[in-house]
Structure formats: C-alpha cells, structure tokens
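# A closer look at the structure
Below are the chains, spelled out letter by letter.
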Amino acid sequence: MVFMRFRPRIFSPSLFGPSKPRTPTLAASPPAAAAARRRIVSMASSTTASEDALRRALAERQAAVDAQAEAVRALKAAGAAAAKAEVDAAVEALKALKVEAGAAARRLQAAVGASGGGGGAAREEMRQAVVNTLERKLFYIPSFKIYRGVAGLYDYGPPGCAVKANVLAFWRQHFVLEENMLEVDCPCVTPEVVLKASGHVEKFTDLMVKDEKTGTCYRADHLLKDHCKEKLEKDLTLSPEKAAELKHVLAVLDDLSADELGAKIKEYGIVAPDTKNPLSDPYPFNLMFQTSIGPTGLNVGYMRPETAQGIFVNFKDLYYYNGQKLPFAAAQIGQAFRNEISPRQGLLRVREFTLAEIEHFVDPEDKSHPKFVDVTDLEFLMFPRELQLSGESAKLVKLGEAVSKGTVNNETLGYFIGRVYLFLTRLGIDKNRLRFRQHLPNEMAHYAADCWDAEIECSYGWIECVGIADRSAYDLRAHSDKSGVPLVAHEKFSKPREVEKLVIVPSKKDLGLAFKGNQKMVVEALEAMSEKEAMDMKAALESKGETNFQVCTLGKDVVITKKMVSISMEKKLEHQRVFTPSVIEPSFGIGRIIYCLFEHSFYTRPSKSEEEQLNVFRFPPIVAPIKCTVFPLVKNQEFDDAAKVIDKALTTAGISHIIDTTAISIGRRYARTDEIGVPFAVTVDSATSVTIRERDSKEQIRVGIDEVASVVKQLTDGQSTWADVSFKYPSHIGPQGDQE
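Residues numbered from 1 in each chain as written. Predicted model: local features only at pLDDT ≥ 70, side-chain atom pairs only at ≥ 80, totals over all residues. Heavy atoms only, no water.

If you look the protein chain up in an unreviewed UniProt entry, it shows as glycine--tRNA ligase from Oryza rufipogon. According to UniProt, the comment filed for the protein chain under the heading Subcellular location (unreviewed entry) is "Cytoplasm". (UniProt positions renumbered as here; feature names shortened; annotations may be inferred.)

Okay, structure coming up:
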C-alpha cells in the first residue's frame, strides 16, 4: 500500500505489515522529495529539545565530577602538605556532585524512556507473561516445533483457532453483511503475469545484508534501527548533537536508499549480531515465494503476497454481477505469503498470515457516502501528517470535522476509517491505545489520494494493523494495460452530451527512430499527460518546434519535436461516460489484530490467598474461544444429569462450551477457564437451578436450568448485557464463591 520513489526499494512490504506497497511509482521530483525529507527531519529535531537540555546538563555535571575527582587526587598526592580538613571538604564536594550527576542521569533516562514509549523492562515482562500464557494454553505455538521450528511460521491451537474464527466471523458480519459486499475466494498461487502488472515481480523487495563469513541474512534497516534505538536508550553519555543525528536517521529510515543504508551501517560499525562478523553491502531481496504451475516448470507462479489482486482481475465480472452499478465493494479473506528476511516479534511479522481485504469501487468524481452520517460523530485519536511533522502527539478529533476540513480526503475514505474504528473497539481493542496515522509525503504513492493506518499500541510499540487508502484508479489501469481487457465502468446519460476531449496521438514511427528501445516508455508518458501538460506542450511545439519533456520512467528529459506528437481538443457527442473507478482499500492484518487483542485483554489479579497472581483474558463474548463452562459443584449423579441437560441445550443453541467434572475446587476451575478468557461459568449446585458467574466482576446470578441456554445466548450474541441479566435475575453469593 505504501510506495517510495522509483528506485530499487519501492516496495517495503514488511515495514507496514498488512499494508501493500504494490505498484511501482514514477519518480518524485527532486524538490518535492527534498521538501518531504526536510519536513521529516524537522519533525525529528523538534521532539529532542528537552532531551538535549537534559543531555547537556548531564554532560556539565559529569565534567564537574571529573574536575573535582582530579582535585581530590591532587590533594591526596600532596600528602601531609594538604590539610585533612581540606581533603575531607573536597571529598564531600565530590560526593555531592556525583549525587547531582546521578539525578541528572535519572531525569535523562526518564525522558528517553518517555520518548520511546517508556517502561521497556515492564513492557518486556508483560509481553513474556502474555506469550507464556498463550503458548502454555495452546493459543499458538511455533510450527514444526519437534524439528526446532522455522522462524516466522506459527500454528494456532484450539483456543487460538476459535479466537481467529470468531474475529473473522465478526469481520464478515461487520463489513460483508452490513455493507452488502461481494465476497470472493481466489487461489493462493498467482501467475507471474498478474504480479508483473501489479509491480510485485520487479519491486516487492526489502534491503538485505549478509554475514560475510557465515552467509546469515539480516534486514538492513532493522539492524540500523536497532543500533540507533539502543544507543539512544542506553548510552546516556551521548552528546545532544549525536543523539539528534541518531533520531534523524530513525526519522528518515524508510526513505534511505541502498547506498545510504550501507554507508550508515559502515559509519556506525554495525556488524552481524550473532557472530560480530562484517556485513555485505545492502541489496534488494524479493519477498515472494516463487513456484511453478504445471509439470514443465515453464509457467512461473508465486504464492500471493496479498489477496487484493484476485479482486482487481475479477472487476469486470463483479461489476456485471452487481448490475453494472457503482459504488460496490468486493471482499476477500485468505492466506498471504511473504518470505521475510529475518522474522521477529512473534505473530506480528510472519511468513504466512491471514489478510482480510476490501476493495470499494467508486466513481472518482463522486466519493460521497450515503452512510457517512452514521459515523460523523465518532471521536478518536487521529495523527494527521501536520501533527507528525510538527513533533506533536495524536489528538482526539471528530471524524466529521476531519473530513469537512479536508484532513481526510473524502467521505468514503472517512466512512471506512469510522467503520474500522468501530470494528476494532468492539473486538476489545482499547480505544485509548488505538490511533489513525496519516501517511507522510514520502510514504505516499504518486497516484494515491490519501492513506491512513490504524495503529494499535502494544508492548512492541505502535503497530500498523489496518491500512485504509484511497488508491485512485491505479490498480485497475495497470491490469487493463497489461491484459488488454478494459476494466472500466459506464455512466449512461439521459440524453447525449457534447464534450470537449483531449486527443493525444503519438507518432510511433518518428518516436521509434528517435528513441529506439525507449520508444514505448516515451509513448506511455505522452499519453499519460494531463490536459494542462498537453496544452502547454502544444503551445511550445507551435512556437518553437520542439520542447523538453520529462519521462519519469527513464529518469531524464527528452526532446520532443512537432512531428512526434499531435495534440488537439475535439468536440464529441457522447451517450455515456466511460471511466476507470477509484478504489478505497481497507486491508486488515488479522494476525496482528489478534496479537494486539491478546495483549489488550490480558491482566492479572491476586488469588484469594494473595499468594499468587492469576492470569485472565478479558475477551468480549464475541471473541472468546469458549463462551461458557459448566461445573457440577460436587460429584453426584443428580448434578451430572443436570449438567447433561444444560450441555444439550447449549449445543442446540450453538454455544461453544466445555463440561468440567474434575475433582479440583470450584475456585481452581474458575481460574483455569478465566485464563483462556471464558466469559461465563455455569455452576450446577442443585437439580432445578444453577448459578451463572461473570468472569471479570466475578458476580453470580441464579437462574433455572431451562433458562441457562437462552440467558447465555443473549449475553454472547450481545442482545443483553451482564447489567441487564443482573437486574432481571437474583444475585447469588454462596459457599462456592471464587476460591482462587
């Protein structure tokens, strides 16, 4: 979804997870690129002012400590010539200066921690607690574990599969059903020609370096990023100037070329993390898994790096299926594959993952949305580019205001931003740790109208989990050009209209003689001119006979003469308007959303004895892998028979549940199911009525056995809240209360 300038690293697919920098872009003009970089550097420098002051203060105090220490050494060296009182006073002064220096160091450490998210040790401790619980309870585990596993590949266990299925079911309900989308399911293996048209074959790359002795591969930008962050967080002796330099590198990291990355790696003496061996120069590595289709090996294919291309190539049939009406949206859920150079961060960066993508096709001249009024009053954290470039933080903004002021480009894009916010928060994502960040100028493709990322804060920092972009008409045009099949829409007029149209007719013969092998690129550039560019060229050709013309794909200007191209405005009578639709694309990284949900849902609480902390996942009922458990209080036939009746009723109602008849205490059974996020527990303590316990409040109500399934169904489907049923049914405090 995000593209850099036309160079070996246009695609940066693993920097932003589910977002898909798919297609090559034309070169940004040098002034525009330089301006974008200057703004980013300005943003980095503006956030360092207070930290710089603290670094200078620490340096001054450390210099004072060094000077006083030297004075003490000189007095002691003088021996008897120095009075004891004088030496003691000098030592006391040194101690006082050390205290001041220590305080300055702590203030700086706090400032560094705050700017980097703070609490690194606490975040790591919390992450380990979450991951240990997830793996122990089999939410997910490394794939092929008995063979020592493969980096970047994970298996979902029973509760993990259930959570994933529930998230996808809610996604279908929230988007596909409520928005009347057309769902498709396309193959994972994609022919090379499709991915050549989209740009993946040539440009879907990350920059890689190798250990020159062992051949181990690393992401070049990851090594540089880790080095800069470690120095900033741990080296308190850094001068303000050096700290500013490292922050500058982090700010422009995604914009560095292979040569610039390599130069920084050499300058900072970065070596292979595992062996400390020297590293090779960075070079591009295509992240797609290549395969062959059929036995000959001649038909090249790739495991798809995204699901969107299947929707684009089916546009013509989907448009016909939809009655040739716009707007409409197509959706797809499926596996995608990226051969990550050095996967890390668990489920956040993997080689096979699930994407859920929407391509909403809309008339480029009308991007209003009839349901935008439904989300206009939503208020949440937004991080537009002007706040990023001025070094400020994300702010609460009403979505309607953001669209009316032009911060968000159009209503349809704004509508989907609002729907994504509702989807994530209803899943259980903390709204205070969710923000929508607008892409900076150097991240934007030349064809994109606007791009926003839904970022969720977790122990790894702010992680992009959903990309929402207005990609204009680029994708459909790319496949139209490559396939020769026009992927267009039609607007029929009630009566014919006279329109004035730009007509550009390149002379392929004259252009071929002049440019030979580059003829095609020059022709494409001429045909892609806007009306203003074309008329300016026409005026120049008529007055001078020739003009300079920039061909971005060649990276240089060429001379166009009058006989090489004909440009005119012609009046025509049209019965319909033929156009290429624009695409609004929300793209969801399901694995990333699920991992952030795990962290946001996790908490600990003391056991009743307060001797240990108990782990709890506060999954909302729609996400919870198991909706309720059924516990016979003690082992006897009467309670077992009642549990069987409840079991059958829950099964008939389609409610996932488990029956636990183990002999351990009821409190321990509660704790065991709390740890996998089960929201409700049914305790069978009589033959006629039972208690239902809510996980987080630990409150209980008493209901009749024949009502259990209907009450739990209302709670898990969202028809009733716990407050609703607590008001309706009597509360219960019995001897089987929590014993955790």
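### Brief notes about the overall build of the protein chain
A count of helical and extended segments in the protein chain gives 24 helices and 28 strands. Classification of the 740 residues of the protein chain by burial places 50% in the buried group. Surface summary for the protein chain: the accessible area is close to 34,200 Å², and the carbon and sulfur share equals 53%. Distance between charge centres in the protein chain, computed from 96 positive and 98 negative side chains, equals 3 Å. (Helix = DSSP H or I, 4+ residues; strand = E, 2+ residues; numbered from the N terminus. Buried < 20%, exposed > 50% of the residue type's maximum accessible area, 1.4 Å probe, protein only. Areas by Shrake-Rupley, 256 points an atom, 1.4 Å probe, with all protein chains shown as cover. Lys, Arg positive; Asp, Glu negative; His and termini not counted. Charge placed at Lys NZ, Arg CZ, Asp CG, Glu CD.)

### Topic: the sheet that holds strand 6 (residues 217-219)
Read from one edge of the open sheet, 3 strands run 6-5-7, paired in antiparallel fashion. Across the chains shown, the open sheet's two edge strands, defined by having one partner strand only, are strand 6 and strand 7 (283-286). Here the strands of the sheet are splayed against their neighbours by 55° on average, with no regard to which way each runs. Against the sheet, helix 8 (residues 220-234) makes contact with strand 5 (205-210) and strand 6, and its axis sits at roughly 65° relative to strand 6, the strand it touches most. (Pairing = 2+ DSSP bridges. Axes fitted to C-alpha atoms, helices over the stretch in contact; angles between N-to-C directions. Contact = heavy atoms within 4.5 Å.)

### Some thoughts on unusual backbone geometry
Backbone phi values are negative for most residues with the exception of glycine, while trans is the configuration of most peptide bonds. Residue Pro 327 is reached from Leu 326 by a cis peptide bond, and omega for that bond is -5°. Relative to the helices and strands, Pro 327 resides in the loop between helix 12 (315-321) and strand 10 (328-337). Positive phi is not limited to glycine here, since Lys 698 has a value of about 65°. Mapping Lys 698 onto the fold places it in the loop between strand 27 (689-694) and strand 28 (700-704).

### Some points on the packing of aromatic side chains
Across all of its chains, the model carries 25 aromatic pairs by this definition. An angle of 80° between the planes, with centres 5.7 Å apart, marks the rings of Trp 171 and Phe 588 as edge-to-face. Residue Trp 171 is found in helix 5 (residues 158-177), and its partner Phe 588 is found in strand 21 (residues 582-589); the two are separated by 417 residues along the sequence. Among the residues examined, Phe 588 registers a relative accessible area of 0% and is labelled buried. Ring centres of Phe 617 and Phe 619 lie 5.1 Å apart, and the angle between their planes is 0°; on these two criteria the pair is classed as stacked. Taken individually, Phe 617 and Phe 619 each receive the classification buried, so the pair is uniform in this respect. Ring pairs connect the aromatic residues Phe 139, Phe 598, Phe 602, Phe 617 and Phe 619, which therefore count as one cluster. (Phe/Tyr/Trp six-rings, centres within 6.5 Å; stacked < 30°, edge-to-face > 60°.)

### A look at the domain arrangement of the protein chain
On domain assignment, one finds that the protein chain holds domain 1 (51-113), domain 2 (117-189 + 304-488 + 580-608), domain 3 (205-286), domain 4 (495-579) and domain 5 (626-728). Look at where the C-alpha atoms of domain 1 and domain 2 centre, and you get two points 53 Å apart. (Domains from an automatic or database assignment.)

### Topic: helix 19 (residues 531-544)
The first and last C-alpha atoms of helix 19 sit 20 Å apart over 14 residues, in line with the 20 Å expected at 1.5 Å per residue. Those residues of helix 19 that sit buried are Ala 534, Met 537, Ala 540 and Leu 541. Relative to the axis of helix 19, the buried residues are bounded by an arc of 125° and lie together on one face. Residues of helix 19 that are exposed and point over 90 degrees away from its buried face: Lys 532 and Ser 543. The inward-facing, buried residues of helix 19 contact strand 17 (489-506), helix 18 (519-527), strand 18 (546-551), strand 19 (556-561) and strand 20 (565-579). (Expected span 1.5 Å × (residues − 1). Arc of directions from axis to C-beta.)

### Some details on helix 10 (residues 258-267)
If you check which residues of helix 10 are buried, you get Leu 261, Gly 262 and Ile 265. The buried residues of helix 10 occupy one face: seen down the axis, they fall within an arc of 95°. Where helix 10 is buried, its residues meet strand 5 and helix 8. Directly after helix 10, the chain includes Gly 269, whose backbone phi takes a positive value near 65°.

### Topic: the sheet that holds strand 11 (residues 352-362)
Ordered in space as 3-10-11-21-16-15-14-12-13, the 9 strands form an open sheet in which the pairing is mixed. Strands with a single pairing partner mark the edges of an open sheet, and in this sheet they are strand 3 (182-183) and strand 13 (395-398). Of the pairings in the sheet, the one linking strand 12 (residues 379-383) to strand 14 (residues 434-438) comprises 3 bridges and is parallel in character. Across the sheet, Met 382 pairs through a bridge with Phe 436, a residue of strand 14. Its contacts with the sheet place helix 15 (residues 411-427) against strand 11, strand 12, strand 14, strand 15 (450-458), strand 16 (461-470) and strand 21, and it is angled at close to 145° to strand 16.

### With respect to the UniProt feature "domain: Aminoacyl-transfer RNA synthetases class-II family profile" (unreviewed entry) in the protein chain
Per the UniProt annotation, the sites labelled "domain: Aminoacyl-transfer RNA synthetases class-II family profile" (unreviewed entry) are residues 128-606. In the segment residues 128-606, helix accounts for 36% and strand for 30%; the C-alpha atoms at its two ends are 18 Å apart.

### Description of the packing of helix 8 against helix 9 (residues 240-251)
Remark: helix 8 packs on helix 9, axes separated minimally by 10 Å, with the N-to-C direction vectors making an angle of 145°. In this structure, helix 8 crosses over helix 9, and the sense of that crossing is left-handed. Contact residues: Leu 224, Lys 225, Cys 228, Lys 229, Lys 231 and Leu 232 in helix 8; Ala 243, Leu 246, Lys 247, Val 249 and Leu 250 in helix 9. Tallied by class, residues from the contact of helix 8 with helix 9 come to 7 nonpolar, no polar and 4 charged. (Left-handed = near helix turned anticlockwise from the far one by under 90°. Nonpolar A, V, L, I, M, F, W, Y, C, P; charged D, E, K, R; others polar.)

### Concerning the nonpolar core
The tendency in soluble globular proteins is for nonpolar side chains to be buried as a group. Core analysis: the biggest nonpolar cluster contains 68 residues, and Trp 171, Phe 423, Leu 424, Phe 436, Phe 588 and Phe 598 have the highest contact counts within it. Residue-level mapping places this core at the junction of two domains, with at least three residues from each of domain 2 (117-189 + 304-488 + 580-608) and domain 5 (626-728). In terms of nonpolar packing, the next biggest core, distinct from the first, is built from 24 residues, Cys 628, Val 630, Ile 705 and Val 708 among them. (Core = buried A, V, L, I, M, F, W, Y, C linked by side-chain atoms within 4.5 Å.)

### A short note on the pattern of salt bridges
Where charged atoms from two side chains of opposite charge approach closely, those side chains can pair. Taken as a whole and assessed by the stated rule, the structure comprises 39 salt bridges. Across the pair Glu 179 and Lys 371 runs a salt bridge whose closest N-O atoms are separated by 3.3 Å. Of the two residues, Glu 179 is situated in the loop between helix 5 and strand 3 and Lys 371 in the loop between strand 11 and strand 12; the sequence distance between them amounts to 192 residues. According to the relative accessible area criterion, Lys 371 is partly exposed, its value standing at 27%. (Salt bridge = Lys/Arg side-chain N within 4 Å of Asp/Glu carboxyl O.)

### Section: the side chain of Gln 700
Here Gln 700 shows up in strand 28. Within polar-contact distance, the side chain of Gln 700 engages the side chain of Thr 691 at 3.2 Å. (Polar contact = N/O pair within 3.5 Å; in protein donor to acceptor, adjacent residues only side chain to side chain.)

### Some words on the side chain of Arg 338
Residue placement: Arg 338 occurs in the loop between strand 10 and strand 11. Glu 306 provides the closest opposite charge to the buried, salt-bridge-free Arg 338, at an N-O distance of 4.9 Å.

### A few points about the environment of Ala 642
Structurally, Ala 642 can be placed in helix 21 (residues 637-652). Taking relative accessible area as the criterion, Ala 642 reaches 6% and is therefore assigned buried. Placed 45 residues apart in sequence, Ala 642 and Ala 687 show a C-alpha to C-alpha distance of 5.9 Å. Not counting chain neighbours up to four residues away, the residues in contact with Ala 642 comprise Val 684, Ser 686 and Ile 705.

### Here we look at the packing of helix 5 against helix 15
Close contact between helix 5 and helix 15 brings their axes to 11 Å; oriented N to C, the two are set at 145°. In the packing of helix 5 onto helix 15, the handedness of the crossing is right-handed. Contacts between helix 5 and helix 15 involve Val 167, Phe 170, Trp 171, His 174 and Phe 175 from the former and Arg 419, Val 420, Leu 422, Phe 423, Arg 426 and Leu 427 from the latter. Split by residue class, the contact of helix 5 with helix 15 holds 8 nonpolar, 1 polar and 2 charged.

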